[in-house]
Amino acid sequence: MKQKILPASSSMKEFEKFLESPYEIGVFLEMHLAQLKNISALAKQYKKKMIYHVDMIHGIKHDDYATEFICQEFKPYGLISTKTNVILKAKQKGVVAVQRIFLIDTHALEKSYRLIEKTKPDYIEVLPGAMPWMIKEVKERLQTPIFAGGLIRTADEVHNALEAGATAITTSKTDLWNLF
């Protein structure tokens, strides 16, 4: 992936800013199911590729059927989820699958490793992404490209995550959208 910043929107105001940006790929975090049609149409109109966070789409269950519906009806570039079934269905439908993991403690990390070894997502989103030493460890262990997200607040933290091996940074901090 050439794009180093993946602008993440959780409101229409942020999404509109993304649409006017030079970035091709963006992430929409939290929305209501009723917004998905409009967001998808606007993205298409502006020639943008969207990654939707399935776990944060209100009004729809986060299961195989919902994933299949989203893939067929809205043709996203990618889907983010913590759920195994969503990742597997996205891959089956030819959609970029991003497995989100939380770096809480060693137990959670080991559980995530086992999960990812089964699902084999296209990317892993590591949260919080402000821990470069963990980005390096996860990338070396799983050999899967990493998106770093969560608690990245400065340009230095962006650069540190990228130097540690992150492919891109997912961020809703619009000040950081202008770095590249």
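Residues numbered from 1 in each chain as written. Predicted model: local features only at pLDDT ≥ 70, side-chain atom pairs only at ≥ 80, totals over all residues. Heavy atoms only, no water.

*Asks:* Sorry if this is basic, but what is going on with the packing of aromatic side chains here?
*Replies:* The geometry of two aromatic rings is summed up by the distance between their centres and the angle between their planes. Enumeration according to the criterion identifies 4 aromatic pairs in this entry. Centre to centre, the rings of Phe15 and Phe18 are 6.2 Å apart; their planes meet at 35°, and the pair counts as tilted. One end of the pair is Phe15 and the other is Phe18, both in helix α1 (residues 12-19) and 3 residues apart, which spans about a single turn. Residue classification places Phe18 among the buried residues on the basis of a relative accessible area of 0%. On the numbers, 5.8 Å between centres and 85° between planes, the contact of Phe69 with Phe74 is edge-to-face. Taken together, the ring pairs connect Phe15, Phe18 and Phe28 into an aromatic cluster. Across from the ring centre of Phe18, 5.1 Å away, lies the NZ or CZ of Lys48, which sits over that ring. (Phe/Tyr/Trp six-rings, centres within 6.5 Å; stacked < 30°, edge-to-face > 60°. Helix = DSSP H or I, 4+ residues; strand = E, 2+ residues; numbered from the N terminus. Buried < 20%, exposed > 50% of the residue type's maximum accessible area, 1.4 Å probe, protein only. Lys NZ or Arg CZ within 6 Å of the ring centre and 35° of its normal.)

*Asks:* Whenever I open this one, the environment of Ala41 confuses me. Can you help?
*Replies:* Along the chain, the position of Ala41 falls in helix α2 (residues 33-45). Judged by relative accessible area, which is 42%, Ala41 ranks as partly exposed. Separated by 116 residues in sequence, Ala41 and Glu157 place their C-alpha atoms 33 Å apart.

*Asks:* When you look at helix α7 (residues 155-163) in this model, what are you seeing that I'm missing?
*Replies:* Given 3.6 residues per helical turn, the α-helix brings residues three or four places apart onto the same face. Taken as a whole, α7 has its buried residues at Val158, Ala161 and Leu162. Looking straight down α7, one finds its buried side chains confined to an arc of 100°; they lie on one side. Of the exposed residues in α7, those oriented more than 90 degrees away from the buried face are Asp156 and Glu163. Elements in contact with the buried residues of α7: β1 (5-9), α6 (132-142), β9 (146-149) and β10 (166-171). (Arc of directions from axis to C-beta. Contact = heavy atoms within 4.5 Å.)

*Asks:* Help me understand unusual backbone geometry in this model?
*Replies:* Trans peptide bonds make up most of the peptide bonds, and negative phi angles are found at most residues other than glycine. Omega for the peptide link from Leu127 to Pro128 comes to -5°, which places this bond in the cis form. Positionally, Pro128 belongs in the loop between β8 (123-127) and α6. Of note in this structure, Lys120 is not a glycine but carries a positive phi near 50°. Along the polypeptide, Lys120 turns up in the loop between α5 (106-119) and β8. For Lys120, a relative accessible area of 53% translates into the label exposed. A positive phi angle is found at Leu151, which is not glycine, with a value near 65°. Along the chain, Leu151 falls in the loop between β9 and α7.

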